[in-house]
Amino acid sequence: GRGPAGGSMSNIGNKTELLNLLGDVKVRVQDKLGIVDFPMPQFILIGKQSVGKSRLIEALAGETFNFISGSLGSRRPTVLEFRNVAQLKESQWYVRDAKSGQWNMHPTHQVMQLVGQRHEELGKSVSAEPVYVRIESPACVDMQIVDLPGFRDFSLDGEGQALAQRIEELDLSFMQNKRNVMLVVEQAGDAATMSSLQRAREFDPEFKRTILIRNKLDKYYGDLTPENVVSWVDGHGDLPGNLVRFALTLPHWTDGDLPPKPFRDILEDVNNEDLRQMAGKSLSNRYLDSIGFKNFSGFMEKKIELMFVDSIGPVLDDLTELKRKHDKELEALKQEIIDTDPARLLTTTRDCGMSFASALVDVMEGVLDSKPCMTFEEELKAFHQHHLANTGFTKLPSEDFSGLADYLDYLRDEARLPAYEVELNGGSAFRRMMHEVEIFLRFSEIGVDTRKRDVIQARGVSMGSLTWRDVVVKLLGNEAHFPLQQRVQYVGERIRWFFEQQKEVVVNFMLNLESLPSTRYKSLYPRHGRVIHDNAITRTLLFETYDAACRRQLQQFTELFESMLTSTFSNPWVFLKGATTGKDFEDDVPDVDTELMKSDPYAFTKKRIPEEIRSRSGTEQQLAKWLNEIPTEDTEIDDAVDKVQMLVLRTYSFIRSQVCDQVELFAESFFKLPMLRRLEAAMAQIELSPQDAANYEARRAQLEQEKGMKMSHAAEINDCMGKIQNFKLKCEARGLRR
């Protein structure tokens with residue numbers, strides 16, 4: 001773990017060719033295709049300011065240079081690609097243009113200015129977007145690293161502290177990427193105080209991708225002796241045995257002076273001096289392999305070659321998957337171009353609409369893994385938010401609820417609404433909603449106090465002009481019809497809003513069928529779902545038609561439900577005759593024999609049927625009895641008011657119970673079934689306006705552009721795959737496989 005182990009590895013082709021090939025593939029994939037997460041290893045250089053990171057980069061480049069990054073220092077990553085080109089007489093510097101992605105050669109001083117400008121343009125902010133620099137030189141080490149802004153321990157003001165924090169966050173984001181090998185530069189000294197190494201340990205506890213470079217070894221020559229040198233190299237026990245580490249001295253001279261000799265010569269001198277000094281301290285060869293710049297650079301060349309060779313397989317795998325994805329998207333684009341052909345434009349739109357209508361039926365029957373879903377609380381809150389400004393109907397079932405939260409607490413804790421906390425959509429969410437609207441309707445009440453004036457007024461000027469039966473009907477129509485009517489509007493709005501929320505569910509359901517090998521659903525669902533998802537014009541036309549169908553069905557539902565209520569309250573006695581009234585209406589109805597119902601259901605049924613028939617036939621008699629008990633004398637008007645009030649409340653209670661019991665039937669009959677049956681016909685009648693046709697034409701032009709871009713991307717992927725495969729074949733032909 002203390003440097004190169006002395007093993008060798010056969011080269012795969014030319015090392016520079018390999019680095020250039022994979023580096024070019026990475027740039028093309030990341031920049032041209034926008035793929036950030038790509039299985040390409042890289043070295044990142046981290047450390048505090050002034051620990052010698054810049055001088056280490058100069059040593060790898062084989063010459064001095066200075067990026068002009070201003071008083072604030074570097075604020076973005078700098079990707080440095082070093083290429084050893086033996087036939088060159090002097091170095092050549094390139095900067096990759098951020099817009100075109102092309103490498104452009106510049107004089108060294110101009111490269112320094114261009115890189116500095118990329119840092120200075122950030123001001124006091126930072127960016128993860130790197131600047132790319134390539135150096136080709138006979139003195140370069142074949143490798144590439146990412147130079148990150150240095151950690152900053154001290155800041156003079158708040159702005160400086162904020163900048164230091166942002167730089168730390170940027171560096172840590174690179175450090176946590178497991179594909180990045182960290183080159184940690186620290187000053188050679190007490191290993192226990194190496195703060196950058198401690199940061200690296202947080203992301204790489206076992207130091208599997210960490211390499212420590214201890215700089216300024218020459219400062220410790222005088223402190224080292226044959227007795228302590230091995231312990232010092234090992235960090236006095238503070239450095240783990242498996243941590244790869246190097247100790248070295250980099251070229252240095254007095255600030256403000258020119259180098260006393262060529263940089264490469266100084267680098268050679270300090271490397272030889274490091275080895276001489278440590279050998280003079282009786283350091284064994286095992287440890288000497290971790291001393292000096294040449295041992296470090298030799299290790300790094302082999303390490304990066306190994307890493308890049310190992311990455312060829314994953315890179316090809318990712319490119320193959322990327323090609324499959326692009327081919328699929330390209331086919332979808334070609335199909336949409338065909339579908340938006342002016343000759344078949346209207347047919348395509350209608351076909352997509354009819355598939356959508358058919359898929360809605362499937363969703364309402366229940367499908368798995370469909371999104372989006374909502375818990376009941378999320379659903380009701382979203383409904384209230386949608387109708388925040390709508391005051392046309394009551395949104396809470398009773399004034400006793402202080403607000404929506406109070407009502408939700410009641411539904412969850414007292415009413416125990418089924419599946420309250422389960423995320424649902426489609427038919428299961430519809431059934432849950434039906435439970436809630438039934439509870440909502442049951443809160444409908446009429447005033448408990450029937451005033452004497454109301455009773456007299458309802459009976460007319462003369463006490464003999466109308467019967468008490470007519471009075472009860474008038475009072476019911478006046479006081480009881482409106483509370484139920486208001487709540488019916490709530491039920492209708494809830495159902496309409498529910499169906500409107502299923503649009504995305506239906507489209508996602510159609511799209512998800514693409515990944516299923518076989519399905520019982522229509523084969524055109526995925527294709528039409530893709531058109532709806534990708535084509536904003538088709539999507540808008542279909543959704544507008546769908547929303548119009550929801551509004552139309554709401555109106556029909558409300559009209560039919562209100563007609564039913566009107567007929568019920570205009571002659572409630574007919575309504576009462578046709579049903580079993582039970583104990584709410586009749587006092588002498590026998591209790592249900594629950595024991596018999598459990599032990600012998602057949603016997604219980606035989607017993608129950610005649611009782612129910614007698615109960616229905618006795619309703620008229622019980623009603624007549626109550627009506628006859630109401631006094632008609634003016635002097636007994638108070639008693640008459642009490643009895644009328646009792647009869648009104650009992651009759652209303654029964655009507656309300658019957659309506660609530662059948663609200664799901666009404667919703668199914670008046671809204672859901674007509675909606676599902678008529679939607680496909682509505683979609684088949686979609687017409688395109690001239691504006692729609694123009695929008696489709698614009699969309700078609702956009703699709704052609706996207707098609708060209710996809711074909712360009714496909715060509716890039718194929719070219720990258722071809723180059724890597726050819727490189728492998730060439731290496732195998734040379735017999736240089738690993």
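Residues numbered from 1 in each chain as written. Predicted model: local features only at pLDDT ≥ 70, side-chain atom pairs only at ≥ 80, totals over all residues. Heavy atoms only, no water.

1. Some words on the pattern of salt bridges
What the rule picks out here adds up to 36 salt bridges. Here Arg412 and Asp409 are joined by a salt bridge, their closest N and O atoms 2.9 Å apart. Linking Arg412 with Asp409, this pair stays in helix H12 (residues 404-414), spanning three residues, or about one helical turn. Accessibility expressed as a relative area gives 28% for Arg412, which makes it partly exposed. (Salt bridge = Lys/Arg side-chain N within 4 Å of Asp/Glu carboxyl O. Helix = DSSP H or I, 4+ residues; strand = E, 2+ residues; numbered from the N terminus. Buried < 20%, exposed > 50% of the residue type's maximum accessible area, 1.4 Å probe, protein only.)

2. Notes on the confidence of the model for the chain
When pLDDT is averaged across the chain, the result is 81; 83% of the residues are at 70 or more. Confidence, read as mean pLDDT per element, is least for helix H20 (residues 601-617) in the chain (64) and greatest for helix H11 (residues 376-386) (95). Contacts of residues 1-13 to residues separated by more than four positions or lying in other chains number 34 contacts, the stretch itself having pLDDT below 50. Low pLDDT, under 50, characterises residues 584-589; the predicted model gives this stretch 20 contacts beyond four residues in sequence or across chains. (pLDDT = per-residue confidence, 0-100. Contact = heavy atoms within 4.5 Å.)

3. Topic: the pairing of strand S2 (residues 78-84)
Counting buried positions along S2 yields six of seven residues, so the element is predominantly enclosed. Here seven bridges tie S2 to strand S5 (residues 131-137), and the two strands are oriented parallel to one another. For Val79, the partnering residue across the bridge sits in S5 and is Tyr132. In the sheet, S2 pairs with strand S6 (residues 143-147) via five bridges, with the strands oriented antiparallel. From the neighbouring strand, Leu80 faces S6, where its bridge partner is Ile145. (Pairing = 2+ DSSP bridges.)

4. Let's talk about the pairing of strand S1 (residues 42-46)
Of all five residues making up S1, five are buried, and the element is well covered by its neighbours. Burial of the side chains of S1 extends over both faces: Gln42, Ile44 and Ile46 are buried on one face and Phe43 and Leu45 on the other. Summarising the sheet, S1 and strand S7 (residues 180-187) pair through five bridges and their orientation is parallel. Bridge pairing links Ile44 to Met182 in S7.

5. Observations concerning the nonpolar core
Among the nonpolar cores identified, the biggest contains 88 residues, and Phe356, Phe430, Ile495, Phe499, Phe509, Tyr546 and Phe561 are the most heavily contacted of them. The element best represented in this core is helix H15 (residues 468-512), accounting for 20 residues. Look past the residues within four positions of Phe509 in its chain and what remains in contact with it is Ala359, Asp362, Val363, Val367, Tyr521 and Tyr525. By size, the runner-up hydrophobic cluster in this structure holds 43 residues, among which are Leu56, Val181, Val185 and Ile266. (Core = buried A, V, L, I, M, F, W, Y, C linked by side-chain atoms within 4.5 Å.)

6. Describing the sheet that holds S5
Read from one edge to the other, the open sheet built from nine strands follows the order S4-S3-S5-S2-S6-S1-S7-S8-S9, with strand pairing classed as mixed. Here the strands that pair on one side only, and so sit at the sheet edges, are strand S4 (103-106) and strand S9 (244-247). Taken over all neighbouring pairs, the strand axes of this sheet differ in orientation by 25° on average, direction set aside. Across the sheet, helix H9 (residues 293-339) lies against S1, S6, S7, strand S8 (210-215) and S9, angled at about 140° from S1, the strand it touches most. (Axes fitted to C-alpha atoms, helices over the stretch in contact; angles between N-to-C directions.)

7. Here's the deal with the packing of aromatic side chains
Counted by the stated rule, this structure contains 29 aromatic pairs. Summarising the aromatic geometry, the rings of Tyr407 and Phe440 are spaced 6.4 Å apart at their centres and angled 75° between planes, so their arrangement reads as edge-to-face. In this pair, Tyr407 is assigned in helix H12 and Phe440 in helix H13 (residues 426-442), connecting sequence segments 33 residues apart. The exposure class assigned to Tyr407 is buried, which follows from its relative accessible area of 0%. Relative to Tyr490, the ring of Phe440 has its centre 3.7 Å away and its plane inclined at 5°; by these criteria the two rings are stacked. Placement of Phe440 in helix H13 and of Tyr490 in helix H15 is noted, with a sequence separation of 50 residues between them. On the basis of relative accessible area, Phe440 is assigned to the buried category, the value being 0%. Through successive ring pairs, a cluster of aromatic residues spans Phe383, Phe393, Phe401, Tyr407, Tyr410, Phe440, Phe443, Tyr490 and Trp497. Note that Lys503 overlies the ring of Phe543, its terminal NZ or CZ placed 5.6 Å from the centroid. (Phe/Tyr/Trp six-rings, centres within 6.5 Å; stacked < 30°, edge-to-face > 60°. Lys NZ or Arg CZ within 6 Å of the ring centre and 35° of its normal.)

8. Topic: a negative patch on the surface
A cluster of like negative charges, contributed by Glu633, Glu636, Asp639 and Asp642, occupies part of the molecular surface. Within the secondary structure, Glu633 is located in the loop between helix H21 (619-629) and helix H22 (637-661). (Patch = residues over 30% accessible without salt bridge, like charges linked within 9 Å, V, L, I, M, F, W, Y side chains within 5 Å. Areas by Shrake-Rupley, 256 points an atom, 1.4 Å probe, with all protein chains shown as cover. Lys, Arg positive; Asp, Glu negative; His and termini not counted. Charge placed at Lys NZ, Arg CZ, Asp CG, Glu CD.)

9. Some details on the packing of H13 against helix H23 (residues 663-684)
Where H13 meets H23, the closest approach of the two axes is 10 Å, and the angle between their N-to-C directions is 120°. Considering their axes alone, H13 and H23 lie oblique with respect to each other. The handedness of the crossing between H13 and H23 comes out as right-handed. Listed contacts from H23 to Phe430, Met434, Val437, Glu438 and Leu441 of H13 are Val663, Glu664, Ala667, Glu668 and Lys672. For the contact of H13 with H23, the residue count by class is six nonpolar, no polar and four charged. (Parallel < 35°, antiparallel > 145°, perpendicular 65-115°, else oblique. Left-handed = near helix turned anticlockwise from the far one by under 90°. Nonpolar A, V, L, I, M, F, W, Y, C, P; charged D, E, K, R; others polar.)

10. Describing the environment of Val185
Its location among the elements puts Val185 in strand S7. Residues Val185 and Ile46, 139 residues apart in the sequence, show an inter-C-alpha distance of 6.3 Å. If near-sequence neighbours (up to four positions away) are discounted, Val185 is found in contact with Leu45, Ile46, Gly47, Val51, Gly52, Lys53, Leu56 and Ile213.

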